[in-house]
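Overview (structure and organization)
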Amino acid sequence: MTASTAIREHAETQFAEELSELKRHDTRARPQNWDLSPWAVITYLMGGKLDSGFAISAKYIGNQRLMEIAVATLATDRALLLYGVPGTAKSWVSEHLAAAISGDSTLLIQGTAGTSEEQLRYGWNYAQLLAHGPSEQALVSSPLMHAMRTGKIARVEELTRIPADVQDTLITILSEKSLPIPELNSEVQARRGFNVIATANNRDKGVNELSSALKRRFNTVVLPVPASEDEEVSIVVKRVAEMGRALQLPAEPPALKEVRRLVQIFRELRSGRTADERTQVKSPTSTLSTAEAISVINSGMALAGHFGDGVMRPHDLASGLIGAVVKDPIQDNIVWNEYLETVVKERADWKDLYRACREQQT
Amino acid sequence: MAAPHLFGIRHHGPGCARSLVRAFDALLPDCILIEGPPESEGLLQAVLAEGMQPPVALLSYCPDEPQLAVYHPFAEFSPEWQAIRWAVLHAVPVRFMDLPMANDLALQKAHRQADEACPEPAHAEAPAAQDHRDDASAEAGAPANPAASEDDRAGDPLNWLAHAAGYADGESWWNHMVEERGDGEQLFAAVAEAMTALRADWGEQRDDPQESQREVLREAHMRQCLREAQKTGAERIAVVCGAWHLRALQTSVTIKADQALLKGLPRVKVQSTWVPWTYRHLTRSSGYGAGIVSPGWYEHLWRSQHLPQLRTVGWLARVARLMRERDLDCSSAHLIEATRLADALAAMRERPAAGLEELQEATRSVFAMGDDSLLHFIADELVVGDRLGSVPADVPTVPLQRDLEQAQKTLRLKPEAVQRTLDLDLRNSNDLARSHLLHRLRLLDVPWGELAKVGRSHGTFHEVWILQWQPEFLLQLIEASQWGQTLVQAATALVIDKVGRVSDLAELAALVDRVLLADLDAAVQAVTQALQSRAALTGDVLQLLATLPPLANVFRYGNVRQTDAAMVAQVLDGLIVRAAIAMPLACRNVDDAAAQSLREKLLAAHTAVALRQGQEETQAWRQALQQIASSTNTRQLLQGVAVRLLLDDAVWSVEQVAQAMSFELSMGAEPSKAAAWLEGFLNRNALVLLHDMRVWQLMDEWLVGLREEHFVRVLPLVRRTFSTFSASERSALAQRAGQGRVVAAMPKPLAGWNEERAALPLPLLRQLLGVQQ
């Protein structure tokens, strides 16, 4: 195998071997134009061992039922909307679904505030257009159009960032499964196997709220934050270690205790209840995702390394922690103070953290 | 002798019920034995009576001790219910073959007495739940009581089978294998085989030796009943019991051995009756050990048994109707897509039809945009359901009635149809018990007594009631008997249920008061707990402040009624701290009307904080007041109030107050705002001006220090404030002002002080005040 110079490989390239093995052993019914059967797609996502003994690595760590819903949705020709707070592997899942089902994850439209209708439908090659008038040759098809022609999965990232009028272009495509080209008096009809996976961020709710007509054409799967504290701690520790190396932070990797405490605080504030389920707390407006926990630890390590003795202590953590929790200076401050006074203060072995946080605030 | 036909079932399983009815139709049994309390056999004919509407429960209880009781609930999809109905419809003799309740309850009583002799902390749970738990162990499909299955990882034996089949839990495995399947004539053989094998592996040991002993007795009695039935010459005997017991009925044990086991068991008197039941009480989370997770879903399965194709669509249509009732969009197209997704999911999971999980997942994905909140109310209204059963009017009385009659007798409080007034002196223990009784009845919606004096404080020793007994109270008692067998149990269970549904903090605080008055310790705990967690979530400071006064009252005067104030104190402390944190912000940027209502709440809460007398809480509260007093964008009225309270508590020195006062009332201040400040500061009370030298001086200095134009500007406003004082107060103020500044000095103590004469009244004063020398 020749080494690739790309920083990041597409899923279908990186896991080409797994995909071909799966295909070889896949004896079950496949929907038309699918590379794999729905069961094999689940195995590809969740990992497992084939009958031949070939091991498939897990792409998604979490609830298998969610992946089953996603695959069943695509198998019934419904578009799939992956929803969730930032950092819950939405794009990751959509890429791997496309790679497993169509063998191609590159038919991608990135949703931004500037995404235009041409990017969703088709554009024109103006030199051709001026020279020969409207024709198939002058047409520049979008990834979506390409996917319709070839019967593949198209991906739309950050659907809710796209202006509402542009979003609605999708309605015809999803319900009629065809894309009219009035200039040529023709249309592109989707081949079987075509489908759309969109991702959206539910913190951006209301930015460009999906119209109910469009909403109705999607099945929604919400990807949750990690289910258990242990799962989240291990994700944080792993990512912090990787990033620490990449950023060449001078501090030692943090003690598990500090990470566990931080993850606990994040989880408690996020879920609105303490870990022992005895006390309710208010939740702040901030997301408090796993990704943010990682960045708090990273900044704590940087502080400890550059200004401290290299070991991360509560006061190195405190400023980052408060910054992550208190996004709205007024409402979140109340939430944070209540949490500090009613929960952190009461925990005997958290006194150091309590003091560090109080010092930061005064 | 004819071999019996054994039908091992799972209690409340619609699949079992359906297969059972079909099997009966094929077999046409001439004698039916059912696992149930033999004492209730006389009530079985009532299943077809008019007005009998499941869910209902057979209640067996000991008339002398109503807290000794067991419920056997039945839903329309319970196999036992269908078996009884079949028997009564076909006029086939039907017998209950469980251990007689007379023995069972006597054993339970001995068990409980043993527990009381060596109380374990783990047993400190609500009495209502206790009874359901005891009942739980009477059930076989899910043996072992809930406490045990939580601790014990193996838990429900069904989980073993489920794990072996690759399912996460026994419930979903059983649903797919048995309850949600279309076929099932061969079901009983399969179930019997599985359970027999399982029980052989599982062993006979239980965590609780008493429990396993009881199990042995029950099965011995079942075998005895079976032998008796065989003696009568019946040829096709059908035995319906929990699948768990099948093995015991099949093993051969000698008659003698069983007789020896059952000989000389203790007995108590037992009566039984039908009581209405609810689906909520059928769920496992209600504390019922053989409970099921989804009564509403099971009912749907039962009712759609003849139309399997409508199962998925029918359910989703109910979801859609529920959504529309809540003004949530839901079209037929949604229904079609959800049905397709549910079917596709079932196919992917290799199941013949969509089960509850697939339907819930399809609902979430298609109807709810992935939002879980919709599923919560579906879970509540459809999966569990709120069906309440009813029983015919002529069934015997319930123990709750007996408990009340007993209480009426011991407390000498006769029910009378005429109105009469009752004055209770709460220092007297009999009167106190009467008061508790009346308060408990009120909690149960049986308003036998009405409190005559509304707004009564906890401090008084008297309570005046107006009593009048209405005949319909009896019906209410029957309805309330679903909550428990004694008034205490029932009222506690009812309150605990209610707490889950009340969201208003003030209402919860009032409920604390009511349960304290009714002396329901367990309920007090639940309510205060709920109050605490609700308070943690509320963003409404007004609500938070409103809870303080009633709680402080309970705390302060709790001892008069011999209630436990410590429980309340803890909650109160938490609330004060929360209020103190949130209050400064709430006082900012409010309009006049809001400021007015905040002022009232603030003053009441301040009194409450003072009643609590907690050092830390007072500290936090005062800090909040200081923030309010010195914050610039707080409403002036509230600032004035805060400064005044700080002055009263001597937190701020006179100099500080003087500075704040001159700042607020200075030339630069807008006159209307200055007046609002003054209004807050004086607090509608001239007495403070008259009696507090410092305040008088401050006002005086400020007024005198005003320049003429400034004086002219504030005069109308000051006048407005002063006009709220009463006429006499105003004239006293005028007099005081007329005396000039000289009087403002402190009155000097008299010079010629006669020590001897002053000492004379001291002994008497000591005696009066109870002070030791």
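One numbering rule holds for all chains: residues counted from 1, following each sequence as written. Whichever chain is written first is A, and whichever ligand is written first is 1; the rest continue in order. Given that the model is predicted, a residue must reach a pLDDT of at least 70 before its local features are reported, and side-chain atom pairs must reach 80 or more before they are shown or counted; all residues, however, enter totals for whole chains, interfaces and linings.

1. Points about the overall build of chain A
A run of H or I in DSSP counts as a helix once it spans at least four residues, and a run of E counts as a strand once it spans at least two, with each numbered from the N terminus. When its secondary structure is counted, chain A shows 17 helices and 11 strands. The proportion of buried residues among the 362 residues of chain A is 40%. The contacts in chain A between residues at least 6 apart in sequence include a share of 69% that link residues at least 24 apart. Counting other C-beta atoms within 10 Å of its own, a residue is labelled buried from 20 upward, exposed at 12 or fewer, and partly exposed in the gap between, with every C-beta atom placed from the backbone. Each residue is represented by a C-beta atom placed from its backbone, and any two residues with such atoms within 7 Å are regarded as in contact.

2. Quick word on the sheet that holds strand β10 (residues 462-467) of chain B
All names here are of chain B. At least two DSSP bridges between two strands are required for those strands to pair. Across the sheet, three strands lie side by side as β8-β10-β9; this open sheet has antiparallel pairing. Each having just a single partner strand, β8 (420-425) and β9 (449-451) make up the two edges of the open sheet. The mean angle between the axes of side-by-side strands here comes to 35°, regardless of whether they run parallel or antiparallel. Taken together, the six bridges between β8 and β10 define a ladder with antiparallel strand orientation. Pairing of Asp425 across the sheet is with His462, part of β10. The strands touched by helix α19 (residues 429-443) within the sheet are β8, β9 and β10, with β8 carrying the most contacts at an inclination of about 125°. With axes taken as lines fitted to C-alpha atoms, and helix axes fitted only over the stretch in contact, angles between N-to-C directions fall between 0 and 180 degrees.

3. As for the nonpolar core
The nonpolar core is taken to be a set of buried Ala, Val, Leu, Ile, Met, Phe, Trp, Tyr and Cys residues joined by way of C-beta atoms within 7 Å. Val495(B), Val512(B), Val527(B), Leu551(B) and Ala579(B) are the most contacted members of the largest nonpolar core, which has 290 residues in total. Other than its neighbours up to four places away in sequence, Val527(B) contacts Val495(B), Val499(B), Leu508(B), Leu511(B), Val512(B) and Val515(B).

4. What to know about the interface of chain B and chain A
Chain B puts 24 residues into the contact, and the matching count from chain A is 29 residues. Every element with two or more residues in the side of chain B that touches chain A is listed here: α15 (332-348), α16 (356-367), α23 (521-537) and α25 (565-586) of chain B. Looking at which element gives the most residues to the side of chain B that touches chain A, the answer is α15(B), with eight residues. Under the scheme applied here, ten amino acids are nonpolar (Ala, Val, Leu, Ile, Met, Phe, Trp, Tyr, Cys and Pro), four are charged (Asp, Glu, Lys and Arg), and all others, including Gly, are polar. Its residues assigned to classes, the side of chain B that touches chain A comprises 13 nonpolar, five polar and six charged.

5. Notes on the sheet that holds strand β4 (residues 108-110) of chain A
Residues and elements named next belong to chain A. Here five strands make up an open sheet; going across it, the order is β4-β7-β10-β3-β11 and the pairing parallel. Single-partner strands in this sheet number two, and they are β4 and β11 (218-222). Between one strand and the next, the sheet's axes are offset by a mean angle of 20°, whatever the strand orientation. Here strand β3 (residues 79-84) pairs with strand β10 (residues 195-201) via five bridges, running parallel. Residue pairing in the sheet places Leu81 in a bridge with Ala198 of β10. Relative to the sheet, helix α4 (residues 64-75) contacts β3, β10 and β11, its axis offset from that of β11 by approximately 165°. This element, helix α5 (residues 90-102), spans β3, β7 (153-157) and β10 of the sheet and lies at about 170° to β7.

6. A word on the environment of Ala324(A)
All names here are of chain A. Its location among the elements puts Ala324 in helix α15 (residues 314-325). Looking at Ala324, the number of C-beta atoms within 10 Å reads 22, which means it is buried. Sequence-wise, Ala324 and Phe266 are 58 residues apart; in three dimensions their C-alpha atoms are separated by 9.4 Å. With residues near it in sequence (within four places) discarded, Ala324 still touches Ser286, Leu288, Glu292 and Val296.

7. Concerning the confidence of the model for chain B
All names here are of chain B. pLDDT is a residue-level measure of predictor confidence that goes from 0 to 100. Within chain B, residue pLDDT values average 78, and 86% of them lie at 70 or more. Predicted confidence for residues 120-154 stays below pLDDT 50, and this span has 68 contacts to residues more than four positions away or in other chains. The ipTM for the predicted assembly is 0.73, set against a pTM of 0.66.

8. Examining helix α27 (residues 615-630) of chain B
An expected span of 1.5 Å times one less than the residue number is assigned to each helix. Its 16 residues give α27(B) an end-to-end C-alpha distance of 22 Å, which sits within 8% of 22 Å, the value for a rise of 1.5 Å per residue. Buried within α27(B) we find Glu617(B), Ala620(B), Trp621(B), Ala624(B), Leu625(B), Ile628(B) and Ala629(B).

9. Some details on the pairing of β10(B)
As paired elements, β9(B) and β10(B) share three bridges and run antiparallel to each other. Each residue of the ladder has a partner; that of Leu451(B), found in β10(B), is Trp465(B).

10. Quick look at the environment of Gln627(B)
As for its placement among the helices and strands, Gln627(B) is situated in helix α27. Taking the C-alpha atoms as reference, Gln627(B) lies 9.3 Å from Leu585(B); in sequence the two are 42 residues apart.

11. Comments concerning unusual backbone geometry
The residue after Pro54(B), namely Pro55(B), is reached through a cis peptide bond having omega 5°. Considering the arrangement of structural elements, one finds Pro55(B) in the loop between β2 (31-34) and β3 (56-62). Here the phi dihedral of Leu288(A) falls at roughly 55°; this positive angle occurs in a residue that is not glycine. What makes Leu288(A) buried here is the crowd of 23 C-beta atoms within 10 Å. A positive phi angle is found at Asp327(B), which is not glycine, with a value near 60°. Turning to its location among the elements, Asp327(B) is positioned in the loop between α14 (310-325) and α15.

12. Some details on the environment of Val236(A)
Tracing the backbone shows Val236(A) in helix α12 (residues 229-247). Apart from the residues lying within four places of it in its own chain, the contact partners of Val236(A) are Val259(A), Val263(A), Thr290(A), Ala293(A), Ile294(A) and Ile297(A).

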